[in-house]
Amino acid sequence: MKIIKRSLLAVALAASTALASPALAQDKLSLVVNVVQIFGTVDPAKITDYTEYMAAVNLYDALTTVDSDGAVVPQLAESWEVSDDNKTYTFKLKQGATFQDGSPVEAKDVVYSMKRLLTLNEGPAYLFSDLVKPENVRAVDDMTVEIKLERVYAPFISNTPLILVVNSDLLGEQNDGEWAENYLGENSAGAGPYSLTGWTRGAEMILRRYEGYHAGWPNERPVDELRFVVTRDEATVRALAQRGELGMSSQYQSNETYAAIEALDNYKVIKAQTATGFYLKLNNKLAPTDDVHIRRAIAYAMDYATIRDVIYPGGEMKSALAPLFADAFLDTLPEPEFNLEKAAEEVAKSKYAGQEPIKISHSYVANTAFEEEIGLLFKATLESIGFSVDLQPEPWNRITELATKPETTPNTTQVFYGPTYPSPDSVFFVQYHSKAAGTWSSMSWAADPQIDGLIDKSRETVDADARNDVYKEIQAKLHDKQAEVPLLTQLKRMAAHKCLQGYKEVPMQSWDYDFSRMYWKCEG
């Protein structure tokens, strides 16, 4: 068996990234995992993007988690009950679960974690802030927690994987204020499978396995150490694989890089259909994309087949919702159509007709090869029908800054969005509800009272079939409004060592990167 433990220094220097040699004992397995975005925070009450969620799922456990079928299953809570009025949820905690310092997980820790989330009002708090009052989270006894909602919210259980539990006693010892923000910004204090042992911001994060993890470990060899290496340089990723040091790549490599790594001995490409959409966000509040005819023109001017078959392989996406949510998916919508004649007709119907060239800004993540290719294709196609496209590649943190206001959000932006909890509500509320505006996921600035009303209605509808009917109404409205352009459903691809086994896609952002579910086994 090959243990991935050789020095990363030469490769790291080539990428101007300072990485240390693992220097592990022969009986420890250290897995190098490439990510392309920095970890902004490891505080479970402040996480916002897929990289931070990747750290969180390995550092912390919640009341529940999500399996590969998208079902919410027990984690720190072994069971729960719901009151007849659908407003009170009572969770019974699992006996024997411990934090990484060996102390037991108790109801007081859940109460502290929930109150901390609500008080700081960052990260996942938007899911709970107008739904749960801090005083309505209480410990019934040492192992029982009660959460009372202000109103009926049908998808509530699907949110509970984000009630990530912290060690309240440990944090109380830090002399760091009531909520220990400084401490949790740099350290972990969870009951998850790994603890944070090293972090060089912008370069590397190191997590170590907690042997006493309450959920146990695979019978095969578990991953003892995770080394998240931050780089967008694909030459560095290929070099890591050529040296046998790469455990798993990010999901954002070019076709050429996947092909080059797959051709190496001992490497494979993991593929998984996902509930993640790749969207062209259209700013509905900024000229000229404030005009529905301009938005429709852009939709007709997208060369979908080239994008999803050649540049970045993926599945057809004709709705804002991925078809993996089968019961809620509106399959009667028309297929996306690349038709420059129809695009020109829509331009002619707009209030900007006769003002050609119509100036439009197009943003994407800098140094991401496939997004640059899509940007160049977008520019060439749009300019053939009277637009002038200004390509604006930006680092991810700059895109998130621009997204906070409609006047700074570009006309068009390439964005991946995957559900942050396993419900269509995550797709609709987070991206399109007015209350969720001002983040990178809501860059369309839909701001439509009818859409807001339908989303609110879906959240109050307890019956699953009736709720799915409302979800279909939302999709129809978004399509009619052309709030944005769904380009494809992501076919997730990661280059990985052949000995790494156990990966399964999970329809919740980054929950598939729970490395406690994976193991090392070399076959053949």
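Residues numbered from 1 in each chain as written. Predicted model: local features only at pLDDT ≥ 70, side-chain atom pairs only at ≥ 80, totals over all residues. Heavy atoms only, no water.

(A) Summary view of the overall build of the chain. Assigned secondary structure in the chain consists of 16 helices and 19 strands. Projecting the C-alpha coordinates of the chain onto the three principal axes gives extents of approximately 70 × 60 × 45 Å. With 524 residues in all, the chain has 60% of them scored as buried. Pairs at least 24 apart in sequence give 70% of the contacts found in the chain among residues at least 6 apart. Total accessible area on the chain stands at roughly 19800 Å², and carbon and sulfur atoms take up 46% of it. Across the chain, the centroid of the 51 positively charged side chains sits 2 Å from that of the 74 negatively charged ones. (Helix = DSSP H or I, 4+ residues; strand = E, 2+ residues; numbered from the N terminus. Buried < 20%, exposed > 50% of the residue type's maximum accessible area, 1.4 Å probe, protein only. Contact = heavy atoms within 4.5 Å. Areas by Shrake-Rupley, 256 points an atom, 1.4 Å probe, with all protein chains shown as cover. Lys, Arg positive; Asp, Glu negative; His and termini not counted. Charge placed at Lys NZ, Arg CZ, Asp CG, Glu CD.)

(B) Here's a closer look at a negative patch on the surface. Together, Asp327, Asp463, Asp465, Asp469 and Glu473 line one region of the surface with negative charge. With respect to the secondary-structure elements, Asp327 resides in the loop between strand 13 (314–315) and helix 11 (340–349). The exposure class of Asp327 is exposed, given its relative accessible area of 60%. (Patch = residues over 30% accessible without salt bridge, like charges linked within 9 Å, V, L, I, M, F, W, Y side chains within 5 Å. Salt bridge = Lys/Arg side-chain N within 4 Å of Asp/Glu carboxyl O.)

(C) How the structure looks around unusual backbone geometry. Across the junction of Ala287 and Pro288, the peptide omega takes the value 5°, indicating a cis bond. Residue position: Pro288 is located in the loop between strand 12 (267–282) and helix 9 (292–300). In this model, Glu356 is joined to Pro357 through a cis peptide bond whose omega is 0°. Residue position: Pro357 is located in the loop between helix 11 and strand 14 (358–365). A positive phi angle is found at Ser510, which is not glycine, with a value near 70°. With respect to the element layout, Ser510 can be found in the loop between strand 18 (500–501) and strand 19 (519–520). The class of Ser510 is buried, set by a relative accessible area of 4%.

(D) Structural context of the sheet that holds strand 6 (residues 137–141). Spatial ordering of the open sheet is given by 4-5-7-6, a layout of 4 strands whose pairing is antiparallel. Every other strand in the sheet has two partners, leaving strand 4 (77–82) and strand 6 as the edge strands with one partner each. The sheet shows a mean angle of 25° between the axes of neighbouring strands, taken without regard to direction. Pairing geometry for strand 4 and strand 5 (residues 88–93), over 5 bridges, is antiparallel. The partner of Ser79 across the bridge, within strand 5, is Lys92. Contacting strand 5, strand 6 and strand 7 (144–148), helix 3 (residues 107–120) crosses the sheet at an angle of about 175° to strand 6. (Pairing = 2+ DSSP bridges. Axes fitted to C-alpha atoms, helices over the stretch in contact; angles between N-to-C directions.)

(E) Representation of the pairing of strand 8 (residues 194–200) within the structure. Within strand 8, 5 of the 7 residues are buried, leaving the element largely enclosed by the surrounding structure. Hairpin connection, strand 8 to strand 9 (residues 204–209): the antiparallel pair is bridged by 3 residues, and Gly202 has positive phi, about 80°.

(F) Quick peek at the nonpolar core. Counting residues in hydrophobic clusters, the biggest one holds 151 residues, and the most contacted among them are Ile147, Phe228, Met248, Ile298 and Phe515. If one sorts the elements of this core by residue count, helix 3 sits on top with 8 residues. When sequence neighbours within four positions are dropped, the list of residues in contact with Phe228 reads Val33, Val35, Phe39, Met54, Asn58, Ala203, Glu204, Met205, Leu207 and Phe515. Counting residues in hydrophobic clusters, the runner-up holds 11 residues, among them Val229, Leu246, Tyr267 and Val269. (Core = buried A, V, L, I, M, F, W, Y, C linked by side-chain atoms within 4.5 Å.)

(G) Fine view of helix 8 (residues 255–262). Regarding helix 8, the residues found buried are Thr257, Tyr258 and Ile261. Looking down the long axis of helix 8, one finds its buried residues gathered within 100° of arc, a one-sided arrangement. For helix 8, the elements touching its buried residues are helix 7 (234–242), strand 11 (246–248), strand 12 and strand 17 (484–497). (Arc of directions from axis to C-beta.)

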